[in-house]
Amino acid sequence: MAYQRPTGGIRGSHDGWTFEELAGAYNYDNTSDRRATLVDLVVQESRKRATPVCILDIGCGTGISEDAPANVAFLKTVRDNCQQLWGIEPDANSLPTHGMFDRLENTTMELADLPDGSVDIAFSYFVMEHVDEPDRFMRAVCRCLKPGGCYIFMTPNARHYFTIVAKFFKTLGISDTVVRLLRGKALTESYHYPVRYKFNSPKTIDKSAAAAGLATPEYAYIERDAPRGYFPGPTVAICWLLAQKRKVLRKPKNLLELICRVQKPAECRGPQ
(Lines give C-alpha, C1' and ligand atoms only; values in the text may rest on other atoms or scores of the structure.)
Protein backbone atom coordinates (compact mmCIF):
# COMPACT_ATOMS: atom_id res chain seq x y z
CA MET A 1 0.00 0.00 0.00
CA ALA A 2 1.09 3.55 -0.67
CA TYR A 3 0.08 4.91 2.73
CA GLN A 4 1.93 4.62 6.03
CA ARG A 5 0.33 2.12 8.38
CA PRO A 6 -0.64 3.69 11.73
CA THR A 7 1.01 0.81 13.63
CA GLY A 8 4.53 1.39 12.37
CA GLY A 9 7.15 -0.98 13.78
CA ILE A 10 7.82 -4.42 12.33
CA ARG A 11 5.71 -5.31 9.31
CA GLY A 12 4.32 -8.75 8.69
CA SER A 13 5.23 -10.50 5.46
CA HIS A 14 1.54 -10.52 4.39
CA ASP A 15 0.83 -6.89 5.26
CA GLY A 16 -0.74 -4.94 2.41
CA TRP A 17 -1.82 -8.06 0.54
CA THR A 18 -4.94 -8.04 -1.56
CA PHE A 19 -8.01 -9.97 -0.53
CA GLU A 20 -7.26 -12.55 -3.22
CA GLU A 21 -3.74 -13.05 -1.91
CA LEU A 22 -4.92 -13.46 1.68
CA ALA A 23 -7.69 -15.84 0.61
CA GLY A 24 -5.17 -18.08 -1.14
CA ALA A 25 -2.55 -18.22 1.62
CA TYR A 26 -2.02 -19.49 5.16
CA ASN A 27 -1.90 -16.25 7.16
CA TYR A 28 -0.70 -17.32 10.60
CA ASP A 29 1.64 -14.93 12.43
CA ASN A 30 2.52 -12.97 9.30
CA THR A 31 0.18 -9.96 9.52
CA SER A 32 1.26 -7.27 11.97
CA ASP A 33 -2.12 -5.83 13.01
CA ARG A 34 -5.63 -7.04 12.19
CA ARG A 35 -6.98 -3.49 12.19
CA ALA A 36 -4.45 -2.48 9.55
CA THR A 37 -5.30 -5.58 7.51
CA LEU A 38 -8.97 -4.60 7.40
CA VAL A 39 -8.09 -1.00 6.55
CA ASP A 40 -5.83 -2.22 3.73
CA LEU A 41 -8.74 -4.10 2.18
CA VAL A 42 -11.16 -1.19 2.52
CA VAL A 43 -8.67 1.22 0.95
CA GLN A 44 -7.94 -1.20 -1.90
CA GLU A 45 -11.65 -1.41 -2.65
CA SER A 46 -11.99 2.37 -2.52
CA ARG A 47 -9.16 2.87 -4.99
CA LYS A 48 -10.89 0.61 -7.52
CA ARG A 49 -13.86 2.95 -7.74
CA ALA A 50 -14.57 6.22 -9.45
CA THR A 51 -14.96 9.23 -7.18
CA PRO A 52 -16.89 10.29 -5.24
CA VAL A 53 -16.64 7.22 -3.00
CA CYS A 54 -18.94 6.77 0.01
CA ILE A 55 -17.82 4.40 2.78
CA LEU A 56 -20.00 3.24 5.68
CA ASP A 57 -18.49 2.13 9.01
CA ILE A 58 -21.04 -0.19 10.67
CA GLY A 59 -20.61 -0.22 14.44
CA CYS A 60 -18.12 2.62 14.20
CA GLY A 61 -17.76 3.34 17.92
CA THR A 62 -15.08 5.94 18.51
CA GLY A 63 -12.69 4.42 15.96
CA ILE A 64 -11.18 1.19 14.63
CA SER A 65 -9.48 0.14 17.82
CA GLU A 66 -8.85 -2.56 20.41
CA ASP A 67 -9.47 -0.32 23.39
CA ALA A 68 -11.04 2.93 24.53
CA PRO A 69 -10.49 5.77 23.99
CA ALA A 70 -9.81 4.70 20.42
CA ASN A 71 -6.75 5.64 18.43
CA VAL A 72 -8.33 7.20 15.34
CA ALA A 73 -5.29 6.76 13.05
CA PHE A 74 -6.85 3.74 11.32
CA LEU A 75 -10.13 5.55 10.75
CA LYS A 76 -8.25 8.57 9.42
CA THR A 77 -6.67 6.35 6.78
CA VAL A 78 -10.16 5.35 5.63
CA ARG A 79 -11.27 8.99 5.79
CA ASP A 80 -8.36 10.03 3.55
CA ASN A 81 -9.40 7.50 0.91
CA CYS A 82 -13.03 8.49 0.37
CA GLN A 83 -15.13 11.57 -0.22
CA GLN A 84 -17.95 10.63 2.17
CA LEU A 85 -17.52 8.65 5.41
CA TRP A 86 -20.69 7.60 7.21
CA GLY A 87 -21.05 5.83 10.55
CA ILE A 88 -23.63 3.71 12.36
CA GLU A 89 -23.26 3.13 16.11
CA PRO A 90 -26.04 1.77 18.37
CA ASP A 91 -24.26 2.48 21.67
CA ALA A 92 -24.92 6.07 22.75
CA ASN A 93 -21.94 5.86 25.11
CA SER A 94 -19.53 5.07 22.26
CA LEU A 95 -20.35 7.78 19.75
CA PRO A 96 -17.34 9.48 18.12
CA THR A 97 -16.59 13.12 18.83
CA HIS A 98 -13.65 13.63 16.43
CA GLY A 99 -15.76 14.90 13.52
CA MET A 100 -14.48 12.49 10.84
CA PHE A 101 -17.95 11.30 9.85
CA ASP A 102 -19.99 13.25 7.32
CA ARG A 103 -23.10 11.40 8.48
CA LEU A 104 -23.57 9.62 11.81
CA GLU A 105 -26.59 7.72 13.13
CA ASN A 106 -27.01 6.44 16.69
CA THR A 107 -28.92 3.30 15.80
CA THR A 108 -28.50 -0.24 14.53
CA MET A 109 -27.84 -1.11 10.91
CA GLU A 110 -31.30 -2.65 10.68
CA LEU A 111 -32.98 0.63 11.69
CA ALA A 112 -30.62 3.10 10.01
CA ASP A 113 -32.21 5.74 7.80
CA LEU A 114 -29.74 5.48 4.91
CA PRO A 115 -30.69 6.25 1.30
CA ASP A 116 -31.11 3.21 -0.93
CA GLY A 117 -28.13 2.47 -3.17
CA SER A 118 -25.95 5.18 -1.63
CA VAL A 119 -22.87 3.35 -0.29
CA ASP A 120 -19.90 2.07 -2.31
CA ILE A 121 -18.20 0.15 0.52
CA ALA A 122 -19.49 -0.86 3.93
CA PHE A 123 -17.18 -2.35 6.52
CA SER A 124 -17.23 -3.49 10.13
CA TYR A 125 -14.62 -4.54 12.66
CA PHE A 126 -15.78 -7.21 15.12
CA VAL A 127 -19.48 -6.42 14.84
CA MET A 128 -21.01 -9.49 13.22
CA GLU A 129 -20.68 -11.67 16.31
CA HIS A 130 -23.07 -9.24 18.04
CA VAL A 131 -25.79 -9.38 15.36
CA ASP A 132 -29.01 -11.01 16.57
CA GLU A 133 -30.95 -11.17 13.28
CA PRO A 134 -28.51 -12.01 10.47
CA ASP A 135 -31.03 -12.03 7.62
CA ARG A 136 -32.47 -8.68 8.60
CA PHE A 137 -28.99 -7.20 9.00
CA MET A 138 -27.84 -8.33 5.56
CA ARG A 139 -31.00 -7.07 3.89
CA ALA A 140 -30.28 -3.65 5.39
CA VAL A 141 -26.69 -3.76 4.11
CA CYS A 142 -27.84 -4.81 0.63
CA ARG A 143 -30.43 -2.04 0.50
CA CYS A 144 -27.94 0.75 1.15
CA LEU A 145 -25.17 -0.57 -1.15
CA LYS A 146 -24.87 0.69 -4.69
CA PRO A 147 -25.05 -1.98 -7.42
CA GLY A 148 -21.51 -3.39 -7.50
CA GLY A 149 -20.84 -2.16 -3.97
CA CYS A 150 -19.35 -4.44 -1.34
CA TYR A 151 -19.34 -5.17 2.37
CA ILE A 152 -16.08 -6.21 4.06
CA PHE A 153 -16.01 -7.35 7.66
CA MET A 154 -13.83 -9.09 10.22
CA THR A 155 -15.23 -11.27 13.01
CA PRO A 156 -14.06 -14.13 15.26
CA ASN A 157 -14.04 -17.33 13.25
CA ALA A 158 -16.68 -19.81 14.49
CA ARG A 159 -14.24 -22.69 13.88
CA HIS A 160 -11.47 -21.34 16.12
CA TYR A 161 -11.11 -22.95 19.55
CA PHE A 162 -11.42 -19.59 21.32
CA THR A 163 -14.77 -18.82 19.67
CA ILE A 164 -16.05 -22.34 20.31
CA VAL A 165 -15.26 -22.06 24.03
CA ALA A 166 -16.65 -18.50 24.22
CA LYS A 167 -19.90 -19.60 22.59
CA PHE A 168 -20.15 -22.50 25.03
CA PHE A 169 -19.79 -20.13 27.99
CA LYS A 170 -22.36 -17.83 26.38
CA THR A 171 -24.82 -20.74 26.10
CA LEU A 172 -24.31 -21.49 29.80
CA GLY A 173 -24.90 -17.82 30.63
CA ILE A 174 -21.52 -17.36 32.32
CA SER A 175 -19.48 -15.61 29.62
CA ASP A 176 -19.34 -12.24 31.39
CA THR A 177 -18.31 -13.89 34.64
CA VAL A 178 -15.52 -15.83 32.95
CA VAL A 179 -14.19 -12.78 31.11
CA ARG A 180 -14.25 -10.77 34.34
CA LEU A 181 -12.24 -13.45 36.12
CA LEU A 182 -9.66 -13.62 33.33
CA ARG A 183 -9.44 -9.96 32.29
CA GLY A 184 -10.61 -8.00 35.30
CA LYS A 185 -13.70 -5.85 35.78
CA ALA A 186 -12.37 -2.69 34.11
CA LEU A 187 -11.27 -4.43 30.91
CA THR A 188 -14.48 -6.43 30.75
CA GLU A 189 -16.66 -3.35 30.95
CA SER A 190 -14.52 -1.35 28.53
CA TYR A 191 -14.99 -3.58 25.50
CA HIS A 192 -16.92 -6.75 26.25
CA TYR A 193 -20.35 -6.18 24.71
CA PRO A 194 -23.11 -8.80 24.49
CA VAL A 195 -22.34 -11.38 21.83
CA ARG A 196 -24.67 -13.69 19.90
CA TYR A 197 -22.31 -15.80 17.74
CA LYS A 198 -25.06 -16.25 15.15
CA PHE A 199 -23.22 -14.71 12.24
CA ASN A 200 -19.56 -15.71 12.16
CA SER A 201 -19.43 -18.90 10.10
CA PRO A 202 -19.48 -19.23 6.29
CA LYS A 203 -22.61 -21.38 6.48
CA THR A 204 -24.71 -18.70 8.19
CA ILE A 205 -23.15 -15.83 6.26
CA ASP A 206 -23.76 -17.55 2.92
CA LYS A 207 -27.40 -18.19 3.85
CA SER A 208 -28.10 -14.59 4.87
CA ALA A 209 -26.24 -13.15 1.87
CA ALA A 210 -28.29 -15.28 -0.53
CA ALA A 211 -31.54 -14.33 1.21
CA ALA A 212 -30.65 -10.64 0.86
CA GLY A 213 -29.85 -10.94 -2.85
CA LEU A 214 -26.10 -10.52 -2.47
CA ALA A 215 -23.45 -12.45 -4.39
CA THR A 216 -21.70 -15.50 -2.95
CA PRO A 217 -19.40 -14.31 -0.11
CA GLU A 218 -15.62 -14.74 -0.30
CA TYR A 219 -13.44 -15.55 2.71
CA ALA A 220 -9.91 -15.09 4.01
CA TYR A 221 -8.52 -16.02 7.42
CA ILE A 222 -5.72 -14.51 9.51
CA GLU A 223 -4.29 -14.89 13.00
CA ARG A 224 -1.54 -12.68 14.38
CA ASP A 225 -1.24 -14.32 17.76
CA ALA A 226 -3.23 -16.53 20.07
CA PRO A 227 -5.58 -14.78 22.56
CA ARG A 228 -2.98 -14.94 25.34
CA GLY A 229 -4.82 -12.45 27.53
CA TYR A 230 -7.43 -15.10 28.23
CA PHE A 231 -4.87 -17.62 29.51
CA PRO A 232 -3.79 -16.50 33.01
CA GLY A 233 -0.75 -17.82 34.86
CA PRO A 234 0.41 -21.35 34.04
CA THR A 235 -2.46 -21.89 31.59
CA VAL A 236 -0.54 -19.79 29.06
CA ALA A 237 1.28 -23.04 28.28
CA ILE A 238 -1.95 -24.31 26.73
CA CYS A 239 -2.02 -21.26 24.50
CA TRP A 240 1.60 -21.93 23.46
CA LEU A 241 0.83 -25.55 22.58
CA LEU A 242 -2.17 -24.55 20.48
CA ALA A 243 0.01 -22.00 18.68
CA GLN A 244 2.51 -24.74 17.81
CA LYS A 245 -0.35 -26.80 16.43
CA ARG A 246 -1.31 -23.89 14.17
CA LYS A 247 2.23 -23.79 12.79
CA VAL A 248 2.28 -27.52 12.02
CA LEU A 249 -1.23 -28.34 10.76
CA ARG A 250 -1.69 -25.13 8.72
CA LYS A 251 -5.46 -25.14 8.23
CA PRO A 252 -6.48 -21.64 7.06
CA LYS A 253 -10.16 -22.08 7.90
CA ASN A 254 -9.32 -22.63 11.58
CA LEU A 255 -7.53 -19.31 12.12
CA LEU A 256 -8.93 -16.80 14.61
CA GLU A 257 -10.13 -13.95 12.38
CA LEU A 258 -12.56 -14.52 9.54
CA ILE A 259 -12.61 -11.81 6.86
CA CYS A 260 -15.55 -11.76 4.47
CA ARG A 261 -16.09 -9.78 1.30
CA VAL A 262 -19.56 -9.87 -0.22
CA GLN A 263 -20.76 -7.83 -3.17
CA LYS A 264 -24.08 -6.51 -4.37
CA PRO A 265 -24.54 -7.63 -7.97
CA ALA A 266 -24.69 -4.94 -10.64
CA GLU A 267 -28.20 -6.19 -11.30
CA CYS A 268 -29.45 -7.06 -7.82
CA ARG A 269 -32.19 -9.71 -7.77
CA GLY A 270 -33.44 -8.48 -4.39
CA PRO A 271 -34.29 -10.38 -1.22
CA GLN A 272 -35.32 -14.00 -1.71
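A word on the overall build of the protein chain. A count of helices and strands for the protein chain gives nine helices and eight strands. Among the 272 residues that make up the protein chain, the fraction classed as buried is 50%. Sequence-distant contacts, at least 24 apart, represent 77% of the contacts inside the protein chain between residues at least 6 apart. Element-wise, carbon and sulfur atoms account for 55% of the exposed surface of the protein chain, whose accessible area totals about 12,800 Å².

This next bit is on the nonpolar core. The biggest cluster of nonpolar side chains holds 34 residues, and the ones touching the most others in it are L56, M109, F137, M138 and Y151. Within the residue set of this core, elements represented by two or more residues are β2 (54-58), β3 (84-88), β5 (119-125), α4 (134-144), β6 (145-156), α8 (202-212), β7 (218-223) and β8 (257-263). Ranked by residue count, the leading element in this core is α4, at six residues. L56 has contacts with W86, G87, I88, M109, L114, V119, I121, A122, F123 and C144, leaving out every residue within four places of it along the chain. Judged by nonpolar contacts, the second largest core, of 29 residues, contains L22, C60, I64 and Y125.

All right, on to the packing of aromatic side chains then. Tallied over the full model, the rule gives five aromatic pairs. Relative to F199, the ring of F137 has its centre 6.3 Å away and its plane inclined at 85°; by these criteria the two rings are edge-to-face. One end of the pair, F137, is in helix α4; the other, F199, is in the loop between α7 (185-191) and α8, with 62 residues separating them in the sequence. Measuring from ring centre to ring centre gives 4.9 Å for Y151 and F153, while their planes differ by 40°; the resulting arrangement is tilted. Of the residues examined, F153 reaches a relative accessible area of 0% and is grouped as buried. In textbook terms, an aromatic cluster arises when at least three aromatic residues are bridged by ring pairs, as seen for F137, Y151, F153 and F199.

With that settled, consider the pairing of β7. Among the six residues that make up β7, five are buried, leaving the element largely enclosed by the rest of the structure. Where strand β1 (residues 27-28) lies against β7, two bridges are found, and the strand directions are parallel. Along β7, the bridge assignment pairs N27 with I222. The sheet contact formed by β7 and β8 spans five bridges and is antiparallel. Pairing of Y219 across the sheet is with C260, part of β8.

Tallied over the entire structure, the rule returns 16 salt bridges. Between D33 and R35 there is a salt bridge, and its shortest N-O distance comes to 2.7 Å. Judged by relative accessible area, D33 falls into the buried class, the value being 12%. A salt bridge links D132 to K198; its shortest N-O distance comes to 2.8 Å. Within this pair, whereas D132 is found in the loop between β5 and α4, its partner K198 is found in the loop between α7 and α8, the two being separated by 66 residues in sequence. Judged by relative accessible area, which is 40%, K198 ranks as partly exposed. Within the structure, one salt-bridge network assembled from shared partners comprises E20, E45, K48, R49, E218 and R261.

Reading the values: rules and limits
- Here the residue numbering is sequential within each chain, running from 1 through the sequence in written order.
- Residue-level local features of this predicted model are given only where pLDDT is at least 70; pairs of side-chain atoms are given and counted only at 80 or more, and the full residue set underlies all totals for whole chains, interfaces and linings.
- Only hydrogens and water are removed before side-chain values are computed, so all heavy atoms of the structure are retained for them.
- Helix numbers and strand numbers start at the N terminus; a helix is a DSSP run of H or I with at least 4 residues, a strand a run of E with at least 2.
- Note on exposure labels: buried denotes an accessible area under 20% of the residue type's maximum, exposed denotes more than 50%, and partly exposed covers the range between, all computed with a 1.4 Å probe on protein chains only.
- Should any heavy atoms of two residues lie within 4.5 Å, those residues are considered in contact.
- Each accessible area is a Shrake-Rupley estimate made with a 1.4 Å probe; only the visible protein chains count as cover when residues are assessed.
- Only buried residues count toward a nonpolar core. Its members are Ala, Val, Leu, Ile, Met, Phe, Trp, Tyr and Cys residues joined through side-chain atoms within 4.5 Å.
- When two rings of Phe, Tyr or Trp (its six-membered ring) have centres within 6.5 Å they constitute a pair, described as stacked for plane angles under 30 degrees, edge-to-face for angles over 60, and tilted for the intermediate range.
- A strand pair is defined by DSSP finding two or more bridges across the two strands.
- A pair is scored as a salt bridge if a Lys or Arg side-chain nitrogen falls within 4 Å of a carboxyl oxygen belonging to Asp or Glu.

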